[in-house]
Amino acid sequence: MSVAIAGWLQAGLLVLALAISYRPLGDYLAHILTSPKHWRIEKFLYRLIGVDSEADQTWSVYIRSVLAISVVGVLLLYSILRVQDHLMLALGMPGMRANLAYNTASSFVTNTNWQNYSGENTLGYTAQFAGLAVQNFISAAVGICVAATLIRGFVRRQSDRVGNFWVDLMRLNLRLLLPFSFVLAIVLVASGVVQSLADPHTVTTVTGGHQTLYTGATASQEAIKELGTNGGGIFNANSSHPFENPNAWTDWLEIYLLLVIGFSLPRTFGRMVGSQKQGYAIVSVMALLWAGSTAINTWLEARGWGAAARLAGGAMEGKEVRFGIPASSLFATSTTLTSTGAVNSTHDSYTPLGGGMALFNILLGEVAPGGTGSGLYGMLILAIVTVFVAGLMVGRTPEYLGKKIRPAEMKYAALYILATPAVVLTFTGIAMAAPSARSSMNNTGPHGLTEVLYAFGSMGNNNGSAFAGLNGDTQFWNLTGGLAMTLGRFLPMIFVGALAGSLAKQKQTPASAGTLATHKPLFVGMLLGVTLIVVGLTYFPALALGPLAEGLS
Amino acid sequence: MAVTTPTAPQSGRHPVAPRRIGGGFLDPKMLWTSLPDALKKLDPRVQLRNPVMFVVEIGSLLTTYSALAHPSIFAWTITGWLWLTVVFANLAEAVAQGRGKAQAATLRKTRTQTVARRLTSWAPGSAGSETEIAATELKLGDHVVVEAGQIIPGDGDVVEGVASVDESAITGESAPVIRESGGDRSAVTGGTRVLSDRIVVRVTTRPGETFIDRMIALVEGAARQKTPNEIALNILLASLTIVFLLAVVTLQPLAFYSDAPQSLVILVALVVALIPTTIGALLSAIGIAGMDRLVQRNVLAMSGRAVEAAGDVNTLLLDKTGTITLGNRRASEFVPVPGVEIAALADAAQLSSLADETPEGRSIVVLAKEEYRLRGRELHDATFVEFTARTRMSGVDLSDGTVIRKGAATAVMKWVREHGGHPTEQVGQVVDAISASGGTPLVVAQVRSGQAQVLGVIHLKDIVKDGIKERFAELREMGIKTVMITGDNPLTAKAIADEAGVDDFLAEAGPEDKMALIKKEQEGGKLVAMTGDGTNDAPALAQADVGVAMNTGTSAAKEAGNMVDLDSNPTKLIEIVQIGKQLLITRGALTTFSIANDVAKYFAMVPAMFAGVFPGLGKLNILHLHSPASAITSAIIFNALIIIALIPLALRGVRYTPSSASALLRRNLWIYGFGGLVIPFAGIKLLDLVIQYLPGMGH
């Protein structure tokens, strides 16, 4: 089978699988978020931690709960990483340095999973299990929780309540993430992903040298790494490492897993607001962006850049021969358009414009389909901005799903739109001006600039993939990175919460012929345009000096 | 209360002529005369209200400083055009305000120092004693007397007497109107002139807060507060401004790293080109012009919020009489009883109505003339009998002894029986049939040669206004539901509702029913608009989201509503809704245009800034602009000129034809979205073709 046919087949099957899971998974998520019934074990756990499962929270209590569990999560993870040498199964690894531990703790709590360390040389099993894996589950669920508040904001009328965070969090873990990950881990093991608590093996290589092979509890981590759009690998090489991603099937499965929740949440949204068409409109925009970006990236990589790559028939540098160009581009696009950040190839080695596409994907704000929950609320905010401009053009106070976009709503949406670019651009600007930051750069010229922009783009948008070419484990990068990830995660969440609260208080305006239809192709096109233009206009000058300057020369 | 939905009227029976809301044109001279005002507005404290233009002004100050420090033709050109951008924006606002000012000046003339003849201890029946004080010293509840030729000193209600009043000062309508105590025509406005008779007025408004004072403040724009929508849009524009400010400020370290540091002038130029200056400059003018368009239609909106709410209205409550139907019923048909020639009936009906000056009576004469060529004739020695509430009949006694009567069925039948006649059963059937169809039956009978006989029945019909059905179809397409309010019985109401094509009706409606309907609609999240004039309309006017009070109405109604129609034309509610929509559409369209413009500006400016260092970026110079200096200058000049070019559009409002939301969106997206993408490419290229020959624009 030629590479091209395999690529088409892989992408086609992926679309098919995602389409098949759209309804059941989306409906199941809606059920989880709306069912009045508690499981017995949930009731027991609520009693244990002292949560009144019937009490709805106001938006501010809800978001404060999110912040509280996140602060506790950072402190806990930080402590574990610092003292991991005293914990079980440490594999003789020393405790992490303070600034790296801070960076790593922020990174996993914010669902970013930016790694300024290589897992196999740094972390013991306890740190992986009790530290990182716990945050992989919680951070994935937190994103969906915050998205749920926004949906409830649209659904509820004249209410100041947006749900119960502890109930949402508990259910998403017990009913979705834990059981699914468990099954998927077994599937991955069966497919050849390693899972072991043994000490690293030392083997003699063909040339006679010695190599230490770390195995680790990889499959169990891999499942939630993709499903929860986390992306932090056991190995430094992440999903290009054969122990994490041994063959074409696991590669396909991992891409599917990192996309599936993000692509199913619009169904949850449509179901909860009582109109499947609204869900289809949102998922269409996500799918168009994803498909378009994949196509462009694959084309750019297959075309190659520079004489060597053209002669070789494509840009193969930094890509696994096991996967080839289409599968690598598919993975790269999917991982940068979700907030996953897992990689099966080195984005730094992509053609300048191909790498630029990956960077652009991240800068889009992780909305196509984005991280678990965060992708949906990001897209809904863009929909609100679109509705505002389009709504004015039909001569009414703009309304989305019967809720008016008034100054209060616009304020929170505008702050949301502002938050991430402010973080990304400010830190990039600082990094390019600060000598301590520039000393970490291994490359010069536009490529070096792309690497720095990519780094802060990735951290600010909670993606977590790295362009490489940058020595991130320095005090400057660990501290600014930790800050960028924290601000990039929680500022938007606060604004989404406030927006949800403001929407929930409103009455519902019934739709009429004079109302802007938000489920028609025209609106889908406009939302697509706003998404591309808002991002494009914000980052165009910076992109011009990075990937465009390099790629157009 | 009976709310019933008639079967959905067939829309689209007549092709509806597109109705365009226009008005408010720009006299080019005004640009010149408003210039001093525009320059005054350069005060940064004034600019602070508008974040976008404030940034441009700060940018202009920075480039001025930079041009002074490092003078060059390029720096001064950019600086000049940046200042012009601010001035153009101010000019837009000044022109919009200027039109109001002219109107205010006319109004002020009426507010001359008036002397009030205050009556102390006035009570109905007792004259009280008169003292002369200045109108400005009047207090609430004072009674004043006004006689022919005098100016009414303040707003109030007539409590005694009746007078004809010249209200042309505020309505522009020269025909005098009648104002009388009691009833729904008791309100008088300060500044208007009594033409005849004498009235006593109880003052209901403090001096300084009178209708004319408020009107002056409104048309001048002094009392203008930002509306919710405008605030929301300002938030969006401010956030876009901040994003672009950040993008450009953080660009400089990146540019330094890339060995392509930019001058302050260029960075400021880039910010100004990217932030939404077009809509930022015109936003305030659009709002003022929107209010102005209402004023030009003789509608005074007490707040911009009300105008915006008008665009959002979901339900229109329309009084049947005067809005949907002509004020009076008309004869539409003669139905004779068997054995009577139709011509005989028509003849008798016409004879009995010749002296009947009521509109119904005249319509009978007209119908007889048109259908049966019966000419109105002079009758000699005939005695006309006028309609009274007691007899409920009118008619004529002819010299030959023939007596003709027409009137309510029961009254006329009784009259026939009294004169020895025996009305047949068919009369009752015809009467019932006409009633059932929503009409009013008038029975015609005569006594000739001692024989009493019913001749037949005149079918009086409510006449639905021409074109009103098409209007309702338009409204339906706009997603607005129309509800007809009438005191008629449900049967009659339904017939008229069907004919007029309203969506719903409220029959036998009293003020409480109206109120209940409004509340019910509002609970469902809908916005309701209504018109009203009577005191008992006041609670409903206050409850409605848009309450348009008729100027002829009581002051209670005018206080309660949030708009006053000086022409007292209830149909105008529809126009008000359209103006509200047009206002929002203009804002949305220019915002889209403004944002779409950025794409072209990037393609002009980014290669100009960086192609020197990265020649590859020259490929982005798809317009093949002459030089970096000419490219940046062209973009900035375009940015400034487009403001001037769009001032007429901002004042006039974008073209609005009532249609569905998706049709509107498609059209506006095409013109202002796609147009906004393309026009600047063309504009910048054309400018570049010219200015490349100017000094300082070479390579």
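All residue numbers here refer to positions counted from 1 along the written sequence of the relevant chain. In the order they appear in the text, chains get letters beginning with A and ligands get numbers beginning with 1. Selection of residues for local features in this predicted model requires a pLDDT of at least 70, selection of side-chain atom pairs for listing and counting requires 80 or more, and totals for whole chains, interfaces and linings are taken over all residues. Side-chain measures here rest on the full set of heavy atoms in the structure, leaving out hydrogens and waters.

**Topic: the side chain of B:Asn668**
Starting at the N terminus, helices and strands are each numbered in turn, a helix being any DSSP run of H or I of at least four residues and a strand any DSSP run of E of at least two. With respect to the secondary-structure elements, B:Asn668 resides in helix α25 (residues 661-691). Note on classification: 1.4 Å probe, protein chains only; a residue is buried when its accessible area is under 20% of the maximum for its type, exposed when over 50%, partly exposed between these limits. On the basis of relative accessibility, which here comes to 1%, the residue B:Asn668 falls in the buried class. By the convention used here, residues are in contact when the closest approach between their heavy atoms is within 4.5 Å. Residue contacts for B:Asn668: discarding those within four places in its chain leaves A:Met393, B:Ile585 and B:Gly673.

**A look at the sheet that holds strand β7 (residues 177-180) of chain B**
Residues and elements named next belong to chain B. Ordered in space as β7-β6-β9, the three strands form an open sheet in which the pairing is antiparallel. Looking at strand neighbours, the two that pair on one side only are β7 and β9 (193-196), the edges of this open sheet. Mean inter-strand twist for the sheet, computed between neighbouring axes without regard to direction, equals 50°. When DSSP locates at least two bridges between a pair of strands, those strands are taken to pair. Note that strand β6 (residues 162-166) and β7 share four bridges and pair antiparallel. When the sheet's bridge partners are listed, Ser164 is paired in β7 with Ile178. Angles run from 0 to 180 degrees between N-to-C directions of axes, and those axes are lines fitted to C-alpha atoms, restricted for helices to the stretch in contact.

**Observations concerning the sheet that holds strand β2 (residues 115-120) of chain B**
Pairing between the strands of a sheet comes from backbone hydrogen bonds, and it takes one of two forms, parallel or antiparallel. Residue and element names in this part refer to chain B. Spatially, six strands are ordered β3-β2-β4-β10-β5-β8 in an open sheet, and the strand pairing comes out antiparallel. Looking at which strands have only one partner, the edges of the open sheet turn out to be β3 (129-134) and β8 (187-188). As paired elements, strand β4 (residues 143-147) and strand β10 (residues 198-203) share five bridges and run antiparallel to each other. Its bridge partner being in β10, Val144 is matched across the sheet by Val201.

**Comments concerning the interface of chain A and chain B**
Taken residue by residue, the interface counts 56 residues in chain A and 59 residues in chain B. Interface area, chain A with chain B, both sides summed: about 4900 Å², of which 76% is carbon and sulfur. Using a 1.4 Å probe, buried area is obtained as the accessible area two parts lose upon being combined, added over both of them. Counting the surface chain A buries against chain B, the share from its top three residues, A:Met393, A:Leu537 and A:Leu545, is 15%. Within this document, salt bridges are pairs made up of a side-chain nitrogen of Lys or Arg and a carboxyl oxygen of Asp or Glu, the two lying within 4 Å of each other. The tally of links from chain A across to chain B stands at zero salt bridges. Under the rule applied, a polar contact is a pair of N or O atoms within 3.5 Å (in protein, one hydrogen donor and one hydrogen acceptor; residues adjacent in sequence only if both atoms are side-chain atoms). For the pair chain A and chain B, the number of links is twelve residue pairs in polar contact (both at pLDDT 80 or more). Listed by contribution, the elements that provide at least two residues to the side of chain A that touches chain B are α14 (374-393), α15 (407-433), α17 (445-460) and α19 (521-551) of chain A. Each residue belonging to the side of chain A that touches chain B can be placed in one class, and the counts come to 34 nonpolar, 16 polar and six charged. Asp, Glu, Lys and Arg are counted as charged, while Ala, Val, Leu, Ile, Met, Phe, Trp, Tyr, Cys and Pro are counted as nonpolar; the rest, among them Gly, fall into the polar class.

**Considerations on helix α15 (residues 359-372) of chain B**
Residue and element names in this part refer to chain B. Counted at 1.5 Å a residue, the expected span for α15 with its 14 residues is 20 Å, and the 19 Å between its end C-alpha atoms agrees. Where α15 is concerned, the buried positions are Gly361, Ser363, Ile364, Val365, Leu367 and Ala368. Looking one or two residues beyond α15, the residue adopting positive phi is Arg373, at roughly 55°. To estimate the expected span of a helix, subtract one from its residue number and multiply by 1.5 Å.

**Notes on the UniProt feature "binding site: Mg(2+)" (unreviewed entry) in chain B**
All names here are of chain B. UniProt positions are given in the numbering used here, feature names are shortened, and annotations may be inferred rather than shown by experiment. Sites flagged by UniProt as "binding site: Mg(2+)" (unreviewed entry) map to Asp533 and Asp537. Among the secondary structure elements, Asp533 is positioned in the loop between β21 (528-532) and α21 (538-543). What makes Asp533 partly exposed here is its relative accessible area of 29%. Along the chain, Asp537 turns up in the loop between β21 and α21. Residues in contact with Asp537, not counting those within four places in the same chain, are Lys514 and Gly532.

**Observations regarding the environment of B:Ala509**
All names here are of chain B. If you trace the backbone, Ala509 turns up in the loop between β20 (504-507) and α20 (511-523). On the basis of relative accessible area, Ala509 is assigned to the partly exposed category, the value being 22%. A sequence separation of 463 residues divides Ala509 from Val46, and the C-alpha atoms of the two residues are 51 Å apart. When sequence neighbours within four positions are dropped, the list of residues in contact with Ala509 reads Ile485, Thr486 and Gly487.

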